[in-house]
Amino acid sequence: MEVVLITLLNGLVYGMLLFMLASGLTLIFSMMGVLNFAHASIYMIGAYLAYTVSKFVGFFPALIIAPILCGLIGAAIEVWGLRRVHHNGHIAELLFTFGLVFIVQRGVQMVWGMLPMAYRVPPSLDFPLFTLYGGNFPAYRGFMLLVSAAMLLGTWVLLKKTRIGLIIQAALTHPQMVSALGHNVPRVFTIVFAGGCLLAGLAGVIGGNYQTTEPGMADAMGPIVFVVVVFGGLGSLSGCFIASIVMGLIQTIAVVVNYSLNDLIRPLGFTISGDNLLAEILTVPVARIGALLPFAMMILILLFRPRGLLGTRDT
Amino acid sequence: MTARNSRVALIWVIAILIAIAAPWAFYNYSTGRQSGFVVGMLSQMGLMAILALSYNMLLGQAGLFSLCHATFFGIGGYATIHFLTMAGNGTLPIPLELVPFLSGLSGLGLAIVFGFMAAKQRATAFAMITLGIGELMTTAALMFQHFFGGEGGVKSDRMIGHSLFALKYASGIQVYYLIVAWTVISALAMFYLTRTPLGRMANATRDNFERAQFIGYDPRTVRLMQFALSGFFAGIGGGLYAITYEIVTFDALAAPLSANALLMAYIGGSAVFGGPVLGAVLITLLQSGVSLMSNSWLVYVGVLFICMVIFAPNGIMGLVMAHQPIARAGKMRLLLLPYVRVLIPGLLLLFGFVGLVELTSFLTIGAAQGKSLVLYGRKIDVNTVMPWAISAVALLVGGAWLRIEARAFQRVWEKLMTELMPARVAA
């Protein structure tokens, strides 16, 4: 029982972190049609910047400063990079962000080195929040949940209740009309891109000390975030939310499940033994293939529902 | 055959002759041996040329941005290791020269399976699905011992003692010629494919998939067929890879190789059939040359790639082709001076950029390795201000100067183009 509860909570924390990344990606995608491959790279930059900034002014100011810096980087990428390749079509934009991944990857290693950073949980949050049946739940994870919930609320209010949110929503579907009404659509694009990068940076700040801040973190996170966005349906924010939580839960729960496909079909009277590939696939415990599950699920959903969970449109 | 076609054919023949002759240019007559490094690098070029050409069947010809191309290369490699083992113990009676064909078939098989999932979508969604497929296969390769051998990979021996030409394939040079032969065959087949209705329809779905639908073709089928065939050729490349190295690990199907395929096809020029080959040769040279000298070669490749995306979307071949009307009018010498004028600030910019990148990366990576920095042929102390200042000034001055010169160059270029336009229309 205690395992289930703690695992659920951990899954929720991870899922919210995924959502923080995936929401920015979805917003950018649905508005500009650009899939930002460098999104996970911004997440990595956020973690590294948070480490450096928190060395000077402490963790909590860094929680604000580092995402803002990431947002500025995002704005710069949009204004000086993406906008220039826009007229060459979507493939060119994709390729551009793809090139950024390389540069950020090596750039981070150039500036901060190859070794993991000593970016730790701040001491004021480094205590067990509560104890459940002997299992501890760290306060920092509670803080992560708090930050991501606040971010979810903040984004929702911004999009639904403010004027700029209205314009953004309108520009998602009818950019020409919004432009004709006298709004500066390219500037809205810049704001959305910067906002998405800001969220990725925020995820980096709180994710950097939850996982490890090292040059491989973008590569580890990137594919999962893309899977989340595809699974939830391209361009759907609510689908993205559900997908993030589902993926977070699945990945954390998979680690503690020690059953295999073989156990599933054993009651039917089949037993598998032998030394071949099929037997290996059938007898491998779920705990070992946890990393594989998101991709397998993505392929499954694409087979039965190519638009994703709540997707409304094809590309 | 028109004059233009025969000239293109001539270039291809010359390229093949160079590929055949290249190892002998580095032949060491005193020891009577080939240079192992050169033969290894040339073999790698051949493998990468197949990979890049097959990738361009998607990117250039069908407008599909795939991120799992290495999957089919890798599966060809893994399957070939098992084929070699089977051929070695006599259960599979096949000469080594034909093994890559089987590798191609295994690539084709997997590409059909994954093609069913990926070909439903195009553009961005296609890219994301292929990314997922690539990650799925990489994770699976690390996880399952039987076929993939886990982290250690699978090994075999290419000397199976069964050959069409009674060759043993003990030396690298014999394998190199096998690679050249298969590269030429694959390139010819892929070129022929561009002339078939399928190749034409792939172009049509790339340019305007709605219109292609109206003609009565299902773009999904076209995409699927193109995807499957490119998987076939990638599998051939993977098979040759397995024969060359006799070991295949998950590196052969992981994301960096897929990215490499993209870089090679794009930098070489995806709009021209031969572009990817040029890209493969260039990137392999960079990889084995620059990576020996510098830790940060990926930064250079990344910056080169982004510059190409912004300024030269048709790649190096596209740049070359753009000069064709001017060369035909015999006015190349008018461009000579503007080129020199762009080149000088360009070199200055490059000097400053390389300096800054090397200095920064030395501070973190190089210093940890306990080396001293040697830049432009002299030892440099990273902790003094001078090298940083010189590089920064070179970067800024070069950048500003290049902007001015580039504008002047553009004026000359456009003037030439408008002069030549009427001539082109009349012709």
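Scroll up a little and you will see the structure.
Given the structure is predicted, the values throughout are model-derived calculations rather than measurements.

Caption draft 1: Main features of the overall build of chain B. A count of helical and extended segments in chain B gives 17 helices and four strands. In terms of C-alpha radius of gyration, chain B reaches 24 Å, essentially the compact-globule figure of 22 Å for 427 residues. Considered along the principal axes of its C-alpha atoms, chain B spans approximately 70 × 65 × 45 Å. Burial statistics for chain B: of 427 residues in total, 43% are counted as buried. The long-range fraction of contacts in chain B, counting pairs at least 24 apart against all pairs at least 6 apart in sequence, stands at 79%.

Caption draft 2: Structural detail: helix α4 (residues 99-118) of chain B. End to end, α4 of chain B covers 28 Å across 20 residues, agreeing with the expected 28 Å (1.5 Å per residue, within 8%). At Ile 112 of chain B, α4 of chain B shows its strongest bend, of approximately 25 degrees.

Caption draft 3: Broad picture of unusual backbone geometry. A positive phi angle, near 60 degrees, is found at Glu 246 of chain B, a position not held by glycine. Structurally, Glu 246 of chain B can be placed in the loop between α10 (219-245) and β2 (247-248).

Caption draft 4: Structural detail: the interface of chain B and chain A. Taken residue by residue, the interface counts 41 residues in chain B and 44 residues in chain A. Of all elements in the fold, only α5 (123-143), α6 (145-148), α13 (297-311) and α16 (332-366) of chain B reach the threshold of two or more residues within the side of chain B that touches chain A. The element contributing the most residues to the side of chain B that touches chain A is α5 of chain B, with 13 residues. Of the residues assigned to the side of chain B that touches chain A, the class counts are 26 nonpolar, 12 polar and three charged.

Caption draft 5: Inspection of the packing of helix α2 (residues 39-57) of chain A against helix α8 (residues 185-208) of chain A at higher detail. All names here are of chain A. Interhelical geometry of α2 versus α8 gives an angle of 55 degrees and a closest axis separation of 7 Å. In terms of axis orientation, α2 runs oblique to α8. Considering the relative orientation of α2 and α8, their crossing is right-handed. On α8, the residues touching His 39, Ile 42, Tyr 43, Met 44, Ile 45, Gly 46, Ala 47, Ala 50 and Tyr 51 of α2 are Cys 197, Ala 200, Gly 201, Leu 202, Ala 203, Gly 204, Val 205, Gly 207 and Gly 208. Its residues assigned to classes, the contact of α2 with α8 shows 12 nonpolar, six polar and no charged.

Cut-off values and rules
Residues numbered from 1 in each chain as written. Chains lettered and ligands numbered in written order. Predicted model: local features only at pLDDT ≥ 70, side-chain atom pairs only at ≥ 80, totals over all residues. Helix = DSSP H or I, 4+ residues; strand = E, 2+ residues; numbered from the N terminus. Rg over C-alpha atoms; globule rule 2.2 N^0.38 Å. Buried ≥ 20, exposed ≤ 12 C-beta atoms within 10 Å, placed from the backbone. Contact = placed C-beta atoms within 7 Å. Expected span 1.5 Å × (residues − 1). Bend = angle between axes of the 7 residues up to and from the residue. Nonpolar A, V, L, I, M, F, W, Y, C, P; charged D, E, K, R; others polar. Axes fitted to C-alpha atoms, helices over the stretch in contact; angles between N-to-C directions. Parallel < 35°, antiparallel > 145°, perpendicular 65-115°, else oblique. Left-handed = near helix turned anticlockwise from the far one by under 90°.

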